[in-house]
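The residues making up each chain are set out below.
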Amino acid sequence: MPTSVLLPTVSWTDACDDVAAQLGPEDELLVIHDSEDDPVVDRTPLPENVQLIAAGDPVGCSGKANAIAAGMEAASHDRLVWTDDDFHHPPDWLAQLQADYAEHGPTTELPAFVGQDPLAVLLEPVYALGGTLGTYAGDHAWGGAVIFDRSDIDEAAFLSELRQTISDDGLLGEHTDVTSVRRVRRVPMGGTFRQTLERHVRFNQIFATHDPTVAKLSFGALVAVLVGCVLSPLFAVGFTLLTVGVSASFGIRRLSLLLTVPALAAAVPLAVYAFSRDTFVWGGRRYRWCSKFDVEVLDE
């Protein structure tokens, strides 16, 4: 079935070339940016079956949600793929997702976040447990690589809510059931201390907003595991080895995983900090997220 791939970005990246090269004769790639001032508009000529879509500035939602909504409205096909511009898309990436949909229906791949600064590297075990393993265990949608059909959702209701919220994939998971597959994509995380901190605030607030009960239980489990590690060195070693082994089964092999206990120790105060913040920065914009469908876009 012909597929529309939605890729929000303000600059042409290698990911755009990767995906454009995989399009079938009837597929399309929509590169969704903010305005005509974005560097991506200078990309000429465009590859075949690739279009630029100007979404405009977000009002009452995140820039990512605004871009996805504009892309869905502009897309020609019912089969939709969402992806991001910050990871490598191998030559069979799109074909695999199309085959996944034929077998499972709505399907998502998994992210493996790779730190680009000291704090991000320290937190890699937390993101391996919560981001990669949590996405897989909970069958949560990851907006970096997810495929679904318009018929899988109430599209009008979804788009209305999308233009009032922050998290595109968090909302998608509330509108349709998604199956996660054991394919992991390495995604760079951070770059500076502030970028990593703002990402951590955003991720925690998304988790708490879309699944508050599980978020509270997860925080309690985090504290309990950390206390166990402090009281019992043997338990600390065992939990670290468990994290390393389970992560390796997903293809994540990073020396940073040996920092599991220090990462947990950092994650507890960082989670408290994240929940206490009333704004965060994402993609150059500052947001105040008062409730799931109450978003203020502030100057940054």
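Quick notes on the rules
- Residues numbered from 1 in each chain as written.
- Predicted model: local features only at pLDDT ≥ 70, side-chain atom pairs only at ≥ 80, totals over all residues.
- Heavy atoms only, no water.
- Helix = DSSP H or I, 4+ residues; strand = E, 2+ residues; numbered from the N terminus.
- Core = buried A, V, L, I, M, F, W, Y, C linked by side-chain atoms within 4.5 Å.
- Buried < 20%, exposed > 50% of the residue type's maximum accessible area, 1.4 Å probe, protein only.
- Contact = heavy atoms within 4.5 Å.
- Pairing = 2+ DSSP bridges.
- Axes fitted to C-alpha atoms, helices over the stretch in contact; angles between N-to-C directions.
- Parallel < 35°, antiparallel > 145°, perpendicular 65-115°, else oblique.
- Nonpolar A, V, L, I, M, F, W, Y, C, P; charged D, E, K, R; others polar.
- Phe/Tyr/Trp six-rings, centres within 6.5 Å; stacked < 30°, edge-to-face > 60°.
- Lys NZ or Arg CZ within 6 Å of the ring centre and 35° of its normal.

Chemist: Quick one: what's the story with the environment of Val 10, residue by residue and with numbers?
Modeler: Along the chain, Val 10 turns up in the loop between strand 1 (3-8) and helix 1 (14-20). Taking the C-alpha atoms as reference points, Val 10 and Ala 54, 44 residues apart in sequence, are found 9.6 Å from one another.

Chemist: So, the nonpolar core: which residues are in play, and what are the values?
Modeler: Grouped together as the largest cluster of nonpolar side chains are 41 residues, with contacts concentrated most on Val 5, Leu 29, Val 50, Val 81, Trp 93 and Leu 123. Considering every element that reaches this core, the biggest residue donor is helix 11 (residues 260-276), with six residues. Leaving out residues up to four positions away in the same chain, Val 81 has contacts with Thr 3, Ser 4, Val 5, Leu 6, Trp 93, Leu 94, Leu 97, Val 146 and Ile 147. In terms of nonpolar packing, the next biggest core, distinct from the first, is built from 25 residues, Met 72, Ile 153, Leu 159 and Leu 172 among them.

Chemist: Explain the sheet that holds strand 8 (residues 280-282) residue by residue, including any values.
Modeler: If you trace the three strands from one edge of the open sheet to the other, you get 8-9-10, paired in antiparallel fashion. Of all strands in the sheet, those with a lone pairing partner are strand 8 and strand 10 (294-298), marking the two edges. Direction aside, the axes of adjacent strands within the sheet are offset by 40 degrees on average. Packed on one face of the sheet, helix 8 (residues 193-210) meets strand 8 and strand 9 (285-291) and runs near 105 degrees to strand 8.

Chemist: Describe the sheet that holds strand 5 (residues 107-115), naming the residues involved and giving the relevant values.
Modeler: An order of 3-2-1-4-6-5-7 is seen for the seven strands of this open sheet, with the pairing classed as mixed. Every other strand in the sheet has two partners, leaving strand 3 (50-54) and strand 7 (179-189) as the edge strands with one partner each. The mean angle between the axes of side-by-side strands here comes to 25 degrees, regardless of whether they run parallel or antiparallel. The pairing of strand 1 with strand 4 (residues 79-83) spans four bridges and is classified as parallel. Bridging across to strand 4, Thr 3 finds its partner in Arg 79. On top of the sheet, helix 3 (residues 93-104) reaches strand 1, strand 4, strand 5, strand 6 (145-149) and strand 7; it is set at about 150 degrees to strand 7, its chief contact.

Chemist: I'd like to hear about the packing of helix 10 (residues 233-249) against helix 11, residue by residue, with values.
Modeler: At a closest axis distance of 9 Å, the pairing of helix 10 and helix 11 adopts a crossing angle of 95 degrees. With respect to each other, helix 10 and helix 11 are oriented roughly perpendicular. Listed contacts from helix 11 to Ala 236, Phe 239, Thr 240 and Thr 243 of helix 10 are Thr 260, Val 261 and Leu 264. Class assignment for the residues of the contact of helix 10 with helix 11 results in four nonpolar, three polar and no charged.

Chemist: Could you give an account of the packing of aromatic side chains, naming the residues involved and the relevant values?
Modeler: One pass over the structure, following the stated rule, counts nine aromatic pairs. On the numbers, 5.6 Å between centres and 70 degrees between planes, the contact of Phe 113 with Tyr 127 is edge-to-face. Pair noted here: Phe 113 is in strand 5 and Tyr 127 is in helix 5 (residues 124-138), with a separation of 14 residues, a long-range link. With a centroid separation of 5.7 Å and an interplanar angle of 65 degrees, the aromatic rings of Phe 113 and Phe 203 are classed as edge-to-face. With Phe 113 in strand 5 and Phe 203 in helix 8, this residue pair connects regions lying 90 residues apart in the sequence. You can call Phe 113 buried: its relative accessible area is 11%. Under the relative-accessibility criterion, Phe 203 is labelled partly exposed at 24%. One aromatic cluster in this structure is built from Trp 82, Phe 148 and Phe 158. Sitting above the plane of the Phe 250 ring, Arg 182 keeps its charged end 3.9 Å from the centroid. The ring of Trp 282 carries Arg 202 above its face, with NZ or CZ at 4.1 Å from the centroid.

Chemist: Give a detailed account of unusual backbone geometry, specifying residues and quantitative values.
Modeler: The omega angle of the peptide bond from Thr 44 to Pro 45 is -10 degrees, so this bond is cis rather than trans. Along the chain, Pro 45 falls in the loop between strand 2 (28-33) and strand 3. Look at Asn 49: it is not a glycine, yet its phi comes out positive at around 65 degrees. Classification of Asn 49 as partly exposed rests on a relative accessible area of 28%. You will see that Asp 139, though not glycine, has its phi angle at about 50 degrees, which is positive. Within the secondary structure layout, Asp 139 lies in the loop between helix 5 and strand 6.

Keep in mind that these numbers describe shape and distance, not what the molecule does.
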